[in-house]
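Remarks on the overall topology
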Amino acid sequence: RGFMVGFSILLFVGLTALFAPLIAPYDPYKQDLLARLAPPVFLGGDWKHLLGTDALGRDYLSRLIYGARVSLLIGFTAALISAVIGTTLGVLGGYFGGKVDLALMRMTELFQTIPAFVLAILLVATFNPSLLTIILTIGAVSWPPLARLTRAEFLRLRHREFVEAAICQGERTWRIVLGHILPNAISPILVVTSLTVATAILLESALSFMGLGDPNLMSWGFMIGAGRTVIRNAWWMSVFPGLAILLTVLAINLFGEGLSDVLNPRVSRRRS
């Protein structure tokens, strides 16, 4: 049930972001100073703006819909980069072992000693905040858990009978890694990667809230940061994007936990 609930919410958010130009009632950048800080409908506002407007009179529902595009793009792309880096390092360390494993794990531990958010702030502040910089930064600080997980799975499978048989048959290393070990270790890697999407969205939101997001793009975190200056008079400017982040992250966690159950044959067998 959790898997289906999470998947349904993610599908809804994804389709909303994909078809934003067709769904959004207004241009999210169109200003109407006569309607600035208009309250939502349920607080007595005009039906023209269901979720009210911001300090420049821009329709907040439209901005919320378009903000999903940037937040999801950063979340999924950064998680993919993190998965590539973490899986590659974990594969090298877990398969070859020895000095290679020692060096890679010491580097991984070094990254883990620095809080990911602090490191992300340092990297983004060093370079000009942009969409590419934020994606690369979040991907660069999120890979250590994936590296350690992949390494553990490869250490567990490295000396199994089917791997030893492939080595005895003279198969190439890359074929053993990609064709025999990785398919048997992919389930937990996919689960952790899906959960990394939620972490990436939260990191981007925190960076944007602190003013380290791309000023030319509109994300949910940027909207929360823009609304903090008028939170007493227009609390909805921070609450609505915050609820969107909460709902999306919760859906990703439900999806990840459900995916873990689906890909775990013992759990699937027990429930059936």
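How each quantity is defined
- Residues numbered from 1 in each chain as written.
- Predicted model: local features only at pLDDT ≥ 70, side-chain atom pairs only at ≥ 80, totals over all residues.
- Heavy atoms only, no water.
- Helix = DSSP H or I, 4+ residues; strand = E, 2+ residues; numbered from the N terminus.
- Buried < 20%, exposed > 50% of the residue type's maximum accessible area, 1.4 Å probe, protein only.
- Contact = heavy atoms within 4.5 Å.
- Areas by Shrake-Rupley, 256 points an atom, 1.4 Å probe, with all protein chains shown as cover.
- Lys, Arg positive; Asp, Glu negative; His and termini not counted.
- Charge placed at Lys NZ, Arg CZ, Asp CG, Glu CD.
- Phe/Tyr/Trp six-rings, centres within 6.5 Å; stacked < 30°, edge-to-face > 60°.
- Lys NZ or Arg CZ within 6 Å of the ring centre and 35° of its normal.
- Patch = residues over 30% accessible without salt bridge, like charges linked within 9 Å, V, L, I, M, F, W, Y side chains within 5 Å.
- Salt bridge = Lys/Arg side-chain N within 4 Å of Asp/Glu carboxyl O.
- Expected span 1.5 Å × (residues − 1).
- Arc of directions from axis to C-beta.
- Axes fitted to C-alpha atoms, helices over the stretch in contact; angles between N-to-C directions.
- Parallel < 35°, antiparallel > 145°, perpendicular 65-115°, else oblique.

Looking only at helices and strands, the chain features 12 helices and zero strands. Starting at the N terminus, the α and β elements of the chain follow one another as α-α-α-α-α-α-α-α-α-α-α-α. A principal-axis box enclosing the C-alpha atoms of the chain has dimensions of 75 × 50 × 25 Å. When each of the 272 residues of the chain is scored for burial, the buried share is 44%. Considering only intrachain contacts with a sequence separation of at least 6, the fraction spanning at least 24 residues in the chain is 71%. A total accessible area of about 14,500 Å² is found for the chain, and carbon and sulfur atoms account for 67% of it. Across the chain, 22 positive and 15 negative side-chain charges occur, with their mean positions spaced 4 Å apart.

What the rule picks out here adds up to nine aromatic pairs. With 6.4 Å between their ring centres and 25 degrees between their planes, F7 and F255 make a pair best called stacked. Residue F7 is located in helix α1 (residues 2-18), and its partner F255 is located in helix α11 (residues 236-263); the two are separated by 248 residues in the primary sequence. Given a relative accessible area of 19%, F255 falls into the buried group. Here the aromatic residues F42, W235, W236 and F240 are joined through ring pairs into a cluster of three or more. One residue, R158, lies across the ring of Y95, its end atom 4.4 Å from the ring centre. Between R228 and the ring centre of F209, over which it is positioned, the NZ or CZ distance is 4.8 Å.

Attention now moves to a nonpolar patch on the surface. Judged by side-chain polarity, M4, F7, L11, L15, L18, F19, L22 and I23 come together as a nonpolar surface patch covering roughly 790 Å² of accessible area. Those elements that provide at least two residues to the nonpolar patch are α1 and α2 (20-23). Considering each element in turn, the nonpolar patch owes the most residues, five residues, to α1. Mapped onto the elements, I23 comes out in helix α2. Taking the relative accessible area as the measure of exposure, I23 reaches 43% and is therefore partly exposed.

Helical geometry note: an α-helix holds 3.6 residues per turn, so side chains three or four residues apart project in the same direction. In this model α1 runs 24 Å from its N-terminal to its C-terminal C-alpha over 17 residues, within 8% of the 24 Å that 1.5 Å per residue would give. Buried within α1 are the following residues: G6, I9, L10, V13, T16 and A17. In a view along the axis of α1, the buried residues occupy a sector of 125 degrees, so they form one face of it. In α1, the exposed residues that point more than 90 degrees away from the buried face are F12 and L18.

Right, let's get into the packing of helix α3 (residues 60-96) against helix α10 (residues 220-227). Two elements in contact, α3 and α10, have axes whose closest approach is 8 Å; the angle formed by their N-to-C orientations is 135 degrees. Considering their axes alone, α3 and α10 lie oblique with respect to each other. Contacts from Y60, R63, L64, G67, A68 and S71 of α3 reach α10 at W220, F222 and M223.

In short, geometric facts, not functional conclusions.
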